[in-house]
There are 2 protein chains.
Amino acid sequence: MATQVNPPRGMRDFLPADKANRERVLGTIRSVYTQHGFDEIETPVMEESSRLHAGLGGDNEKLAFGVLKRALTVDDLHAASTPLELADLGLRFDLTVPLARFYATHQAELPTVFRAIQIAPVWRAERPQKGRYRQFVQCDIDIIGEKGIIAEIELITATTATLAALGIDGCSIRINDRRLLSSMLTVFGFPASEHASVLITIDKLDKLGTDGVITELRDRAYPAGPIDTLEAFFTRPQTMEFNPFGEKAIRKALPEGIDEAAVLSLVELGAALGDVSSLVFDPFLVRGMGYYTGTIFEVAHPSLGYSLGGGGRYDGMIGRFLGGDVPAVGFSLGFERIVDLVAPDALGGLDATALLYEEDVPAQLLVALKSELIASGVRVRLERKPRNLKPLLAQLAGSGFARVATVRADSTLSTLEFRELA
Amino acid sequence: MATQVNPPRGMRDFLPADKANRERVLGTIRSVYTQHGFDEIETPVMEESSRLHAGLGGDNEKLAFGVLKRALTVDDLHAASTPLELADLGLRFDLTVPLARFYATHQAELPTVFRAIQIAPVWRAERPQKGRYRQFVQCDIDIIGEKGIIAEIELITATTATLAALGIDGCSIRINDRRLLSSMLTVFGFPASEHASVLITIDKLDKLGTDGVITELRDRAYPAGPIDTLEAFFTRPQTMEFNPFGEKAIRKALPEGIDEAAVLSLVELGAALGDVSSLVFDPFLVRGMGYYTGTIFEVAHPSLGYSLGGGGRYDGMIGRFLGGDVPAVGFSLGFERIVDLVAPDALGGLDATALLYEEDVPAQLLVALKSELIASGVRVRLERKPRNLKPLLAQLAGSGFARVATVRADSTLSTLEFRELA
């Protein structure tokens, strides 16, 4: 007997029904994003190791799979002072570092405002656990070169349309702005040098609750005054979510003296997206990635304890390999979570028929019948007729085949009797 | 200024027009293969290093990119006696080793005769050169579990239909059988122990010509008798290609006393594929891969000096990780070559309009107009109207946009004036 044979740890095979469903969902995402004016690009799965470890990937850099240099000698191994010296390439851990590299390579060939789609796998050497894989697909859209809030509006519109096309209802989009968070902490009295660290705690609000956040901040021995002010603000009535999304709600949700430009850009965004009741202003939405510089957003679904995707403005990053600032906004859909929410339809609507053939049927006849049925738009599978039909019929029905017919040596297309499968 | 920024050596980025064309070609291949009863599967890009180096990949095993173990210490590096010890995973160099592993993992969940589609990138650390890349896409179909020639017939039918759907005309399919080659060498008097090595030389017939092959064989100091017999056979009239494909032509192309079972299976194949004038019997077609055991075939295009794809029967290999023999036939299309033959049509037929907006147009109006146009089935891109329109219009036309309209603060859908782009 063979020993256990599995795909590598934390990575998955996809059998036909799952693969068909994944391709169908990807096709819908690709098509809606394209209609909304975005263009798909592709980069190699590997990037230079030095780019993957240039500080743009945050904690994910540590999770990158390294690719061994070719033609290494044993002496090279023994002279190395760190494993990273032996890797010149690595597998990408996100699609943002490759996008920054792509933009630096091809800027001259791209439109001034470039709307990119990237649908592709990424790899992270995380400890595998339920719903977390070492190879998974990300679906990113990014708008590069547009400073105005119109970029955020186009991203959110395209995302909302995609979720609708996939039949995923009831999502809300939580919105905030990094500038508001920072301005709010200043108003509360936190010194600017502490903002990043305080935000890491506030980012745990969903898990810890307001009391937990206040306790963690006090344990960290920040000055008591600003924490008291934050606690008082938390315990105001209606502090956490504000709906409908508009100037009044936004101002009511924030303390006095806040960054006015950030407020006005959110107000413009709310006006443009009109009466979208699924927009929610969340003044304590942080999103972990340190590189965001403005608007941030996240898609929430009522049935799930985690977000379906998120993004924001990250003006400092795309220009890093170019040596200059380039405005950019991005949104990443969590494909692996989305595909679980979409009802499977393995065959994508193709009418499917199986031809069961007796042992003495000439191959020539089988080919002719199969070709004629395919020409009429039917998906066809040939199956040698087994002695015991039942398991085969069950398997065919399970794979989405709707009909079977038995082919004999004297069959013609008009004498075939098609029988419906349950 | 930034320094040179490129994708890794031998790997490519795809800009929007190329990416759209690639996806369109992949979509056609996927759809024809599916109609012909094949099911798409997917495996992770990495496999265990030991499986990639189990002897199933021939020379390609040496070209595998190795992936560094995680959490290696400096002591591990210094204790290693070969680089391979530091890699537990590797990037696949073909889709056949992963298929063998996939089949071993999932056999119980798959139909008795399993028809697989795999469309995915593979990686080889080859010296980059024109038309040869370190990351490239393979399109494989395989039929596992079917001993009869009907499997070969289904593969060839599906491949021919795919090439037709892509508009690639004039291809011929060269066919031979490994058993005939071996039987022929026996008839000529080569001892069985020399067959593999003689076939390596005969495989160079396209490059060396018959004289070159004979010279190389004589240089290698094989016994003169068999080489003289082969030379006489080469110089018979009409030895190289035989058309129309049928029993008479096949028998005429071979010496007396050849493997009868192999002749009959080719005759059955020819009868089933009927009057397919693109079938060519080539008694000296070898195909490098040592693992073929029966029929072998190759797609040739008159405009190209290389094949567009090929395959054959390899009954010994799929069962390797299962510890038993499993019949299998496979066909691999050279996607990178095919995509170069297909005329680009970047937008896949979507009607595309650009809305050029003045600085004072509210985002709300832009969103409303864009949404209405998208709802009518149009692809829409927003563009801030530049002072100098010309470069933008040229770029839009080049990206497949057919129409532009200028949006002013008081525009409505009915007042927009659409202008055709050349």
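From a predicted model like this one, the values you see are computed outputs, not experimental measurements. (Residues numbered from 1 in each chain as written. Chains lettered and ligands numbered in written order. Predicted model: local features only at pLDDT ≥ 70, side-chain atom pairs only at ≥ 80, totals over all residues.)

A. A look at the overall build of chain A. Counting secondary structure elements, chain A contains 14 helices and 15 strands. In terms of overall dimensions, chain A is more spread out than a globule: its C-alpha atoms have a radius of gyration of 27 Å, far above the 22 Å expected for 422 residues. Taken along the three principal axes of its C-alpha coordinates, chain A extends 90 × 65 × 45 Å. When burial is assessed residue by residue, chain A has 42% of its 422 residues classed as buried. (Helix = DSSP H or I, 4+ residues; strand = E, 2+ residues; numbered from the N terminus. Rg over C-alpha atoms; globule rule 2.2 N^0.38 Å. Buried ≥ 20, exposed ≤ 12 C-beta atoms within 10 Å, placed from the backbone.)

B. Region of the structure containing the environment of Met184 of chain A. Residues and elements named next belong to chain A. Following the sequence through the fold, Met184 ends up in helix H6 (residues 178–188). Spatially, the C-alpha atom of Met184 lies 16 Å from that of Ile214, the residues being 30 residues apart in sequence. Residues in contact with Met184, not counting those within four places in the same chain, are Leu254, Pro255, Ile258 and Pro283. (Contact = placed C-beta atoms within 7 Å.)

C. A look at the sheet that holds strand E1 (residues 39–40) of chain A. Residue and element names in this part refer to chain A. Strands sit in the order E1-E5-E6-E11-E10-E9-E7-E8 across an open sheet of 8 strands; the sheet is mixed. With partners counted over all chains shown, the strands left at the sheet margins are E1 and strand E8 (279–281), one partner each. Contacting strand E7 (172–177) and strand E9 (295–300), H6 runs over the sheet at an angle of about 55° to E7. (Pairing = 2+ DSSP bridges. Axes fitted to C-alpha atoms, helices over the stretch in contact; angles between N-to-C directions.)

D. View of helix H11 (residues 260–272) of chain A. All names here are of chain A. Under the 1.5 Å per step criterion, the end-to-end length of H11 is 18 Å for 13 residues, consistent within 8% with the ideal 18 Å. Among the residues of H11, those classed as buried are Ala262, Ser265, Leu266, Leu269, Gly270 and Ala272. Each buried residue of H11 lies within a common arc of 170° when the element is viewed along its axis, so the set occupies one face. The first or second residue beyond H11 is Gly274, which carries a positive phi of 60°. (Expected span 1.5 Å × (residues − 1). Arc of directions from axis to C-beta.)

E. The interface of chain A and chain B, seen in detail. In this complex, chain A contributes 81 residues to the contact, which on the side of chain B involves 81 residues. For the side of chain A that touches chain B, the class distribution of residues is 45 nonpolar, 18 polar and 18 charged. (Nonpolar A, V, L, I, M, F, W, Y, C, P; charged D, E, K, R; others polar.)

F. Geometry of the domain arrangement of chain A. Residues and elements named next belong to chain A. Domain parsing of chain A yields domain 1 (1–171 + 301–346), domain 2 (177–278) and domain 3 (354–420). The interface is formed by 5 residues belonging to domain 1 together with 6 residues belonging to domain 2. Split by residue class, the side of domain 1 that touches domain 2 holds 4 nonpolar, no polar and 1 charged. (Domains from an automatic or database assignment.)

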